[in-house]
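Observations on the model geometry
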Amino acid sequence: ATEVVRLAESLGLDDARVQALTTLGSVNMHAGKRAALDFFDQALALGRQSRTPVILRTHANLAVSLVGFGEMARAREVLREGLALAEGFGEQAMGRWLRGQVPYMEFCLGDWDEALRAVGSFLEERERLGAHYLEHDAHETRAMIRLGRDDVNGALEDAATAIAGARVAGDRQALYPALATGAFVYAGAGAVEASRCKEELLRMWEEDRGGTPPYGSHLLAFTLGSAGERQQLANVLGRHKGSTLPW
């Protein structure tokens, strides 16, 4: 991506530069490096200057990265700005992706009612637009809220739907948080599925040598019972000791 940035700059290809800078931001974020934010800021500045729709991907990835670094208020601002731009550009696909990020954002910021409204609105789009990758995220968010509000049956249903959706996606970045949420929700409900989710997730993390961050580890930590399980998680986190991600 670094070479692409240099080449695109020499050729005056602003869209390619924005895309490459955004990719560098995401790569650094997954490595837990705050240099990611510098790359995203460069991409935003260039995208605003050239008024290109590819900046929407920058907004989406930056919002996720800011959540990862614990900067929730700024993440919400970036997401809202991206949504406004998507509407202005008439970009349906990226607009939908950005809307899919709203539920978890509002949940983390404590506005559970707004998070639930966002979940409902996003999931309703399936009837008109078909399934979407981020549906598992919406169900995870609603599962947590429902559990917190003593709607245990609803929480269990959402947790199961989230895991099933993440398996269909076939992406560790989706399956890790889905399983972690499942373990947390099932444990809170006293369901036996908690152990299965926990065991599968710990095993996957132990086997993962590709550098995928252990998304959801903060949730799984609440479900660990034995010293052996805690040591497994410690070993996984130890492989990411250079990361500055607070989660």
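My aim in this report is to walk through the structure given alongside it, one point at a time. (Residues numbered from 1 in each chain as written. Predicted model: local features only at pLDDT ≥ 70, side-chain atom pairs only at ≥ 80, totals over all residues. Heavy atoms only, no water.)

**Focus on the overall build of the protein chain**
To be explicit about the condition: The way it works is that DSSP assigns letters per residue, a run of H or I at least four long becomes a helix, a run of E at least two long becomes a strand, and they are numbered from the N terminus. Here the globule rule is a power law, 2.2 Å times the number of residues to the power 0.38, and the radius of gyration is based on C-alpha atoms. Buried, partly exposed and exposed residues are distinguished by accessible area as a fraction of the type maximum, computed with a 1.4 Å probe on protein chains only: under 20%, between the cut-offs, and over 50%, respectively. Any two residues whose heavy atoms approach within 4.5 Å are treated as being in contact. Residue-level accessible areas treat just the shown protein chains as cover; the underlying method is Shrake-Rupley with a 1.4 Å probe.
What the protein chain contains, in helices and strands, is 13 helices and zero strands. The helix and strand sequence of the protein chain, counted from the amino end, reads α-α-α-α-α-α-α-α-α-α-α-α-α. In terms of overall dimensions, the protein chain is globule-like: its C-alpha atoms have a radius of gyration of 19 Å, near the 18 Å expected for 247 residues. Its C-alpha atoms give the protein chain principal-axis dimensions of about 60 × 40 × 30 Å. Counting the 247 residues in the protein chain, one finds 45% classified as buried. Put simply, 60% of the contacts in the protein chain that link residues at least 6 apart link residues at least 24 apart. With the model as given, the accessible surface of the protein chain reaches about 12000 Å², and the carbon-plus-sulfur share is 51%.

**Describing the environment of G47**
Tracing the sequence through the fold places G47 in helix α3 (residues 35-50). Separated by 30 residues in the primary sequence, G47 and R17 have C-alpha atoms spaced 9.0 Å apart. Residue contacts for G47: discarding those within four places in its chain leaves V18, T52 and I55.

**Some words on unusual backbone geometry**
Not every positive phi belongs to a glycine, and R51 is a case in point at roughly 50°. Judged by relative accessible area, R51 falls into the exposed class, the value being 64%. The phi angle at D150 is positive, at roughly 65°, despite the residue not being glycine. Within the fold, D150 resides in the loop between α8 (135-148) and α9 (152-169).

**Some points on the packing of aromatic side chains**
Quick note on the threshold: Put simply, two rings from Phe, Tyr or Trp (the six-membered ring, in Trp's case) pair if the centres are within 6.5 Å, and we call them stacked under 30 degrees between planes, edge-to-face over 60, tilted for the rest. The rule for a charge over a ring is simple: NZ of Lys or CZ of Arg within 6 Å of the ring centre, and within 35 degrees of the ring normal.
Going through the model one piece at a time under the given rule, you end up with five aromatic pairs. Between Y104 and F107, the aromatic rings sit 6.2 Å apart at their centres with planes inclined by 40°, giving tilted as the arrangement. Within this pair, Y104 and its partner F107 are both found in helix α6 (residues 92-108), separated by three residues, close to a single helical turn. Taking the ring centre of F69 as reference, the NZ or CZ of R34 above it sits at 5.1 Å.

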